[in-house]
Amino acid sequence: MTTNQPIYPAYPTLNDITPYKTGKPIDELARELNMPIANIVKLASNENPLGCSPKATEAMREALADTARYPDGSGYYLKEAIVAHHADEAVLSHENITLGNGSNDVLDIITRTFVSHADSTVFSQYAFAVYWLATKAVGADTVIVPAVDYAHDLPAIAKAIQPNTKVVFLANPNNPTGTYFSHDALVTLLDTVPNDVIVVLDEAYVEYFDPSEYQSSVALLDKYANLIVSRTFSKAYGLASLRVGYALSSPLIADLLNRIRQPFNVNSFAQAGAIAALKDQDFVAQSRVLNTEQMRVFEQAFGELGMDYIPSKANFITVKAGESDTAGNALYEALLQQGIITRPLAGYGMGQWLRVSVGLAAENERFVEVLKRVK
Ligand SMILES: *Cc1c(COP(=O)(O)O)cnc(C)c1O
């Protein structure tokens, strides 16, 4: 039974929530189509098609020996590795870090720490769904700022801040659009936002930026005490199943976040895998090179098919399936029947569009070939 009348005294905003829809699992489609798992191509959840660093796999295997022990709740060695990883950008210590069970956990912890039901958060139209979900979960209001060409409008976001706004969420690049904004635009926003409003910069796909183009936002932490940068091991590091991410912030903010954080939110295998993954930047570079090369394959194919797409800096690309609001879903279904899982975006108010993750060359080729057939 579903009803809009809350039976229990939950926040009224829970009526607005539909649970987050995840990408369809490979084995689920295999069961439905009665097709071997090996014939299915999943380009739906922005996972790393190369898997993860073999060093991470080995570290996790070693961690199995201590399965009966609780994980290190402070994440000491992972924090050491994070500090070392960012040493060129900023002088950090353990006091700047909050570990999360995926960066979604970090986003949720931030919201629960700073936002109550009398407050609001501000973010862009078409922004990552978790900002909406985390805000509604604490009974607060969302202020959604119209996007420009599907991208965040940073000056408008700064202007949209209300007296009760506690947190601004930014994703760079954004999911599901792949759009990005410049370092200068970020700095201008940080200069404009009142310093008692938290700015969360979600950099889940930052590893896919060309390093020669990327200016460190971590280096801004020193100057802007209200900035939180979140990172994940789920995308370029290829550790989505482990659920591990982290936030970098001032020690004051990190101290508050760590009061709310569950003490064992990052398990031992995730900690071991993440440490080894951080130290294997060659694997990350290899993933970036593959992504850049294969992104061109998608762009070229969409160009040949006369399909509009949103230029992306991430490891996925969003393509216009047609003019009708059900076109994205129709193309998604047609591809599914051929064993290809993508992501329709009607839930984001982008019913014409389909999001496709960049896979291995053979997977992308198969996708393009099937797309040409079903289009
Ligand atoms: C995938 C993604 C995340 C990461 O989620 P995890 O919980 O770390 O797996 C965070 N933000 C955005 C914008 C994403 O697309």
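Scroll up to find the structure this text is about.
What counts as what
- In every chain, residue numbers begin from 1 and rise along the written sequence.
- It should be noted that, the model being predicted, local features are given only for residues of pLDDT at least 70 and side-chain atom pairs only at 80 or more, the latter also being counted only at that level, while totals for whole chains, interfaces and linings use all residues.
- For the side-chain quantities, the full set of heavy atoms in the structure was used; hydrogens and water were omitted.
- Any residue with a heavy atom lying within 4 Å of a molecule or strand is counted as near it.
- Pairs of N or O atoms within 3.5 Å make up the polar contacts considered here, provided that, within protein, one atom can donate a hydrogen while the other can accept it, and that residues adjacent in sequence are counted only when both atoms are side-chain atoms.
- Only the protein chains shown count as covering a residue, and every accessible area follows the Shrake-Rupley method with a 1.4 Å probe.
- Whether a set of points on the 1 Å grid over the protein atoms alone is a cavity depends on a 1.4 Å probe fitting there but being unable to get out, while an open set qualifies as a pocket with protein on both sides within 12 Å along at least five of seven lines; lining residues are those with an atom within 4 Å of a point.
- More than half of a molecule's atoms within 2 Å of the grid points is what it takes for that molecule to sit in a cavity or pocket.
- Classification convention: Asp, Glu, Lys, Arg as charged; Ala, Val, Leu, Ile, Met, Phe, Trp, Tyr, Cys, Pro as nonpolar; all other residues, Gly among them, as polar.
- Among buried residues, those of type Ala, Val, Leu, Ile, Met, Phe, Trp, Tyr and Cys that are joined through side-chain atoms within 4.5 Å constitute a nonpolar core.
- Partly exposed describes any residue whose relative accessible area lies between the buried limit of under 20% and the exposed limit of over 50%, with all areas from a 1.4 Å probe on protein chains only and scaled to the type maximum.
- Runs of H or I in DSSP of at least four residues are treated as helices and runs of E of at least two as strands, each being numbered from the N terminus.
- Contacts are residue-level and defined by heavy atoms, with any inter-residue pair within 4.5 Å sufficient.
- Any two strands between which DSSP finds at least two bridges are classified as paired.
- All axes are obtained by fitting lines to C-alpha atoms, using only the stretch in contact for helices, and the reported angles, taken between N-to-C directions, cover 0 to 180 degrees.
- Two rings belonging to Phe, Tyr or Trp (six-membered ring only in the last case) form a pair when the distance between their centres is within 6.5 Å. Interplanar angles under 30 degrees mark stacking, angles over 60 mark edge-to-face geometry, and anything in between is tilted.
- We call a charge positioned over a ring when the NZ of a Lys or the CZ of an Arg lies within 6 Å of the ring centre and within 35 degrees of the ring normal.

Caption draft 1: Layout of the site of the ligand. Every residue lining the ligand is accounted for by Gly102, Ser103, Asn104, Phe128, Asn175, Asp202, Ala204, Tyr205, Thr232, Ser234, Lys235 and Arg243. Backbone polar atom of Ser103 to an oxygen atom of the ligand: 2.6 Å apart, as the coordinates give it. Considered on its own, the ligand offers 390 Å² of accessible surface; in the complex 94% of this is hidden by protein. Because more than half of its atoms lie within 2 Å of the grid, the ligand is assigned to the second largest pocket. Here the residues of the shell around the ligand sort into three nonpolar, six polar and three charged.

Caption draft 2: Highlighting the nonpolar core. Within the largest apolar cluster, 59 residues are counted, with the highest numbers of intra-cluster contacts made by Leu78, Leu170, Leu227, Phe233 and Leu239. Ranked by residue count, the leading element in this core is helix α9 (residues 268–279), at seven residues. For Leu78, the contacting residues outside a window of four places in its chain are Leu99, Phe233, Val244, Gln271, Ala274, Ile275 and Leu278. The next biggest cluster of nonpolar side chains, apart from the first, holds 30 residues, and it includes Ile109, Tyr126, Tyr131 and Ala171.

Caption draft 3: Quick peek at the sheet that holds strand β8 (residues 245–248). What the seven strands build is an open sheet, ordered β2-β8-β7-β6-β5-β3-β4; its pairing is mixed. Every interior strand has two partners, whereas the edge strands, β2 (97–100) and β4 (141–145), have only one. This sheet shows a mean twist of 20° between the axes of neighbouring strands, independent of strand direction. Alignment of strand β3 (residues 120–124) against strand β5 (residues 165–171), held across three bridges, turns out to be parallel. Across the sheet, Ser120 pairs through a bridge with Thr165, a residue of β5. Contacts between helix α7 (residues 183–192) and the sheet are confined to β5, β6 (198–202) and β7 (227–232), with β6 contributing the most and set at about 160° to the helix. In the packing of helix α8 (residues 251–260) onto the sheet, contacts are made with β2, β6 and β7, and the angle to β2 comes to roughly 30°.

Caption draft 4: Structural context of the packing of aromatic side chains. Within the structure shown, the criterion is met by 18 aromatic pairs. Of the aromatic side chains, those joined through ring pairs into one cluster are Tyr20, Phe123, Phe128, Tyr131 and Phe169. Here the basic side chain of Arg355 rests over the ring of Phe316, its NZ or CZ set 5.6 Å away from the ring centre.

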